[in-house]
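Architecture and fold: a report
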Amino acid sequence: MKFTTATAIAALAAATAFADPVAYEFDKTHTEISASWDHLGFSTQSIQFTDYDGTLMLDFDDPSNSTVDVTFNLIDGFWVGGHHERFVGHLNSADLFNTAEFPTARFVATGFDTEDGVTGTMTGDLTLLGQTHEVVLDVTLNQRAPHPFDASVLVAGFDATGVIERSQWGLGYASPNVSEEVTISISTELRTPNPDTE
């Protein structure tokens, strides 16, 4: 009985917390952020961004109160598959991300639009290679709930996609043979910090 009551209280407390803006962090074990493009008409290639962090304050009742500000560390921050060291070197070179001069990229959300609280758009400014341009992502909230293994931790899972024209940021290498359009894909689980580990 005591266990059941404690579990119910924890679940109620977690549900109540959804009513206010809540600080989340990336669950990087269950997050994938990638960019993909057409390579010479032969294949679709992609890279994953693996080194990132930021401020995630989410208000599900009033998304306009939410804050999303994410910085990507690009040096040693690409994953392109096994045995692709040469490609990673090219990504870091002045032809592309020029990480020696511009080691980071940053996305700052500027607006949220949703009618049903499940699907909508997130607009933001992406700074890359010293240039800042607007990006619009289509976002789907897959689920938000207390974690099934730990009700004190709140979890929100999202998928987001958008298309950018890379030359806007000075990433015009090999265009148009390599597609100008790049698809950004994000699948992430965000979670509140575990109070027991704070």
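Fair warning: this is a prediction, and the values are worked out from it, not measured in the lab. (Residues numbered from 1 in each chain as written. Predicted model: local features only at pLDDT ≥ 70, side-chain atom pairs only at ≥ 80, totals over all residues. Heavy atoms only, no water.)

**Quick notes on the confidence of the model for the chain**
As a reminder of what qualifies: For every residue, the predictor reports its confidence as pLDDT, a number between 0 and 100. What makes two residues a contact is simply this: any of their non-hydrogen atoms within 4.5 Å.
In this model, the chain carries a mean pLDDT of 90, and residues with pLDDT of at least 70 account for 88%. When the criterion is pLDDT under 50, residues 1-18 qualifies, and its contacts beyond four places in sequence or with other chains add up to 15 contacts.

**Here we look at the nonpolar core**
In summary, soluble globular proteins display a tendency toward joint burial of nonpolar side chains. In plain terms, the rule: Residues belong to one nonpolar core when they are buried, are Ala, Val, Leu, Ile, Met, Phe, Trp, Tyr or Cys, and are joined through side-chain atoms within 4.5 Å. For every residue, the accessible area (1.4 Å probe, protein chains only) is compared with the maximum for its type, and the residue is labelled buried under 20%, exposed over 50%, or partly exposed between those bounds. In this text, helices come from DSSP runs of H or I with a minimum length of four residues, and strands from runs of E with a minimum of two, each type numbered from the N-terminal end.
Membership of the largest hydrophobic core comes to 43 residues, with the highest contact counts inside it found for Tyr24, Ile47, Phe49 and Phe97. The element contributing the most residues to this core is strand S10 (residues 150-165), with five residues. Those residues in contact with Phe97, other than ones at most four positions away along the chain, are Ile47, Phe49, Leu74, Phe78, Leu91, Phe102, Leu128, Leu129 and Leu171.

**Regarding the pairing of strand S4 (residues 52-58)**
Formally: Note on pairing: two strands pair once DSSP finds at least 2 bridges between them.
The sheet contact formed by strand S1 (residues 22-26) and S4 spans three bridges and is antiparallel. The residue of S4 that forms the bridge with Tyr24 is Leu56. Pairing geometry for S4 and strand S5 (residues 67-73), over six bridges, is antiparallel. Bridge assignment links Gly54 to a residue of S5, and that residue is Val70.

**Overview of the pairing of strand S9 (residues 131-147)**
As judged from the 10 bridges shared by strand S8 (residues 119-128) and S9, these two strands associate in the antiparallel manner. Pairing of Leu126 across the sheet is with His133, part of S9. Linking S8 to S9, which pair antiparallel, is a turn of two residues; within it Leu129 sits at a positive phi near 55°. As defined by bridge partners, S9 adjoins S10 across nine bridges and the pair is classed as antiparallel. Pairing of Leu141 across the sheet is with Phe158, part of S10. Hairpin connection of S9 to S10: two residues between the antiparallel strands.

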